[in-house]
Amino acid sequence: MDNASNSSEKRQDAQVYEDVDGIAAAVASGEISEAPVVAEGEERTTLFVWLLVACASISGLLFGYDTGVISGALVTIGGDLGPAELSSGQKELITSSTTLGALLGGLAAGMLSDFLGRRPVMGIADIIFIGGAIGQAVCHTVWSMIGCRFLIGIGVGVAACVAPLYIQELSPTRLRGRMVVVNVVLITGGQVVAYGIDAAFANTRGGWRWMVGLGAVPAALQAFFLFFLPESPRIMIRRNDFDAARTTVGKIYAHATPEQVDLKVRSLAAAVRQSVEITNSTTLWERLRLIVADPISRRALIVGCGMQAYQQLCGFNTVTTLFKEIGFDQPTAVGLIVSGTNFIFTLIALKYIDIIGRRKIMLWSAPGMIIGLVLASVAFHFLTKKTGGNLVDGTHYSTTWSAIVLLAMIFYVASYATGLGNVPWQQGELFGLEVRGIGTSLATTTNWAGNLLIGATYLSLMDRITPAGAFGFYAGLCLLGWLFCVFCFPETAGLSLEEVRLIFRAGFGIRESERLREEKRALRAAEKAATAKAKARAGGENEGEGVYVGHLDDTGN
């Protein structure tokens, strides 16, 4: 009896993989299949989806908080770690250890999530965050602090890689970009919270321990919530767990009928069948070679890594730290203004990233970054004329030029937050399922490698070519990044994760993406028209039945 039941289940699972209206053939030919478009038809967002995204985005809050809180903590540590005052070298080790940990964590996270699943890896990140936060709060030596910051960095790297990936694989196509930006909003929100916590404990004895220790609270909350969150349906399908995939899809699309849910699962299974076969028949090393050898995956990797490199090489994490040197008495307050601007304009991206599209947002916002940096470079030139072009501590600089620098930085940050601050984190949508974890790992690692590079060269660059030259140099890098977007960054809004792969079949797909999106819009319009026609026909038949019944009632029969 059990054997009969098992063979029946296997036949049902095999049927799920059956080609739905030529999906596999369409994928092979580089066209949009009608069946997935029909399956996407019922995509009304439910509270469950937003709660799921909010819980997953706690990873972003942890990312922002733990990278932002250390600046205030270092100021108030004093002699609590042994030396009467921390040296510049010790402070640099404490901060750079986090970046190094994030680089290694990001490198491992995506690949590990392919093996364990997205949700368990997020749980691992939470455990690391909790351990690192508590360890920082109780440490009494410089090296133990460095070790705990390195541990926090691993958690940051894992969260930065896997949280957007998890959100993308659970989001409806039409809202996928917006839901990933929720995670970015919480990154910037976490930085604002970190500034607030730093200010609250700045004058408290041992307050820095509270600053770093409080990071354990959101990590513990997310670890608890993860027990109630589902795994990615794509991971479930890869494991042949179709019943669990149906259950999760049914919760995400609560307004869909059972037939619509079944069509969604069958369409998804058919679309990822080739990816599943590749994943199940290859080793990690073979897939690492595949992402470089396969032209489609290689182009996706170039775009993903290129965008992440652009996000760091624009200098955002360093050029907004000079306010104390140019005469602002309360650099923390100014920093709060900058981080607040970052937060507010990320909300604008949240609203429009799926409406305007990723490519257009980048093409429109990047020139604003260039303008802001050029203006700051000009302001620094005139600001530092009396000190030979260099910033000298204790010098009283012109408040007018200092204010222009601040305004230029606010304009730069607003432009960055609207586009470059969030678009690169859409990286997971560029890759096929078989290399998605690997691709996101490599792209995230590129981000942190760029962070290390900029952090290591920033002060030397300022000394050798002056602040005006450094800001001009970053403006030049931003121009190169904008040109990269013009020629290599295709539009992905409105395309499913499986459809995005079609873009890179014959190049970087700038025109091909528009063709596929137009084709999909036409299919969707035809489907809506057919649905409306069917409803009208059904309504007419019902109306006719009502008239006939009324006639019978009038005659008494």
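Residues numbered from 1 in each chain as written. Predicted model: local features only at pLDDT ≥ 70, side-chain atom pairs only at ≥ 80, totals over all residues. Heavy atoms only, no water.

### Comments concerning the overall build of the protein chain
Next, step 1: In terms of helices and strands, the protein chain carries 24 helices and 0 strands.
Next, step 2: Looking at the protein chain as a whole, 52% of its 557 residues are labelled buried.
Next, step 3: Across the protein chain, the fraction of contacts at a sequence separation of at least 24, relative to all contacts at a separation of at least 6, is 82%.
Next, step 4: If you sum the accessible surface of the protein chain, you get close to 24,000 Å²; carbon and sulfur atoms cover 63% of it. (Helix = DSSP H or I, 4+ residues; strand = E, 2+ residues; numbered from the N terminus. Buried < 20%, exposed > 50% of the residue type's maximum accessible area, 1.4 Å probe, protein only. Contact = heavy atoms within 4.5 Å. Areas by Shrake-Rupley, 256 points an atom, 1.4 Å probe, with all protein chains shown as cover.)

### Overview of the confidence of the model for the protein chain
Next, step 1: When the pLDDT values of the protein chain are averaged, the result is 84; 85% of them are 70 or greater.
Next, step 2: Scored below 50 in pLDDT, residues 547-557 makes 1 contact in the model with residues more than four places away or belonging to other chains. (pLDDT = per-residue confidence, 0-100.)

### Let's talk about a nonpolar patch on the surface
Next, step 1: Nonpolar side chains collect at one region of the surface, where Leu 112, Phe 115, Leu 116 and Ile 124 lie side by side and expose about 350 Å² of accessible area between them.
Next, step 2: In terms of residue count, helix H6 (residues 88-116) provides more of the nonpolar patch than any other element does, 3 residues in total.
Next, step 3: Along the chain, the position of Ile 124 falls in helix H7 (residues 118-138).
Next, step 4: By relative accessible area, Ile 124 is classed as partly exposed at 33%. (Patch = residues over 30% accessible without salt bridge, like charges linked within 9 Å, V, L, I, M, F, W, Y side chains within 5 Å. Salt bridge = Lys/Arg side-chain N within 4 Å of Asp/Glu carboxyl O.)

### Brief notes about the side chain of Thr 418
Next, step 1: Structurally, Thr 418 is set in helix H21 (residues 399-418).
Next, step 2: Given the relative accessible area of 19%, Thr 418 is considered buried.
Next, step 3: Every residue in contact with Thr 418, bar those within four places of it in the chain, is listed here: Phe 345, Ala 349, Ile 361 and Ser 365.

### What about the pattern of salt bridges?
Next, step 1: Inspection of every chain in the model, using the stated rule, returns 17 salt bridges.
Next, step 2: Of the charged contacts, one joins Glu 169 and Arg 118 as a salt bridge, the two residues approaching to 2.9 Å between their closest N and O atoms. Placement of the pair is Glu 169 in helix H8 (residues 142-170) and Arg 118 in helix H7, with a sequence separation of 51 residues.
Next, step 3: Assessed through its relative accessible area of 0%, Arg 118 is described here as buried.
Next, step 4: Across the pair Glu 169 and Arg 436 runs a salt bridge whose closest N-O atoms are separated by 2.8 Å. Taken together, the positions of Glu 169 in helix H8 and Arg 436 in helix H22 (residues 436-488) put the pair 267 residues apart, joining distant regions of the chain.
Next, step 5: You can call Glu 169 buried: its relative accessible area is 2%.

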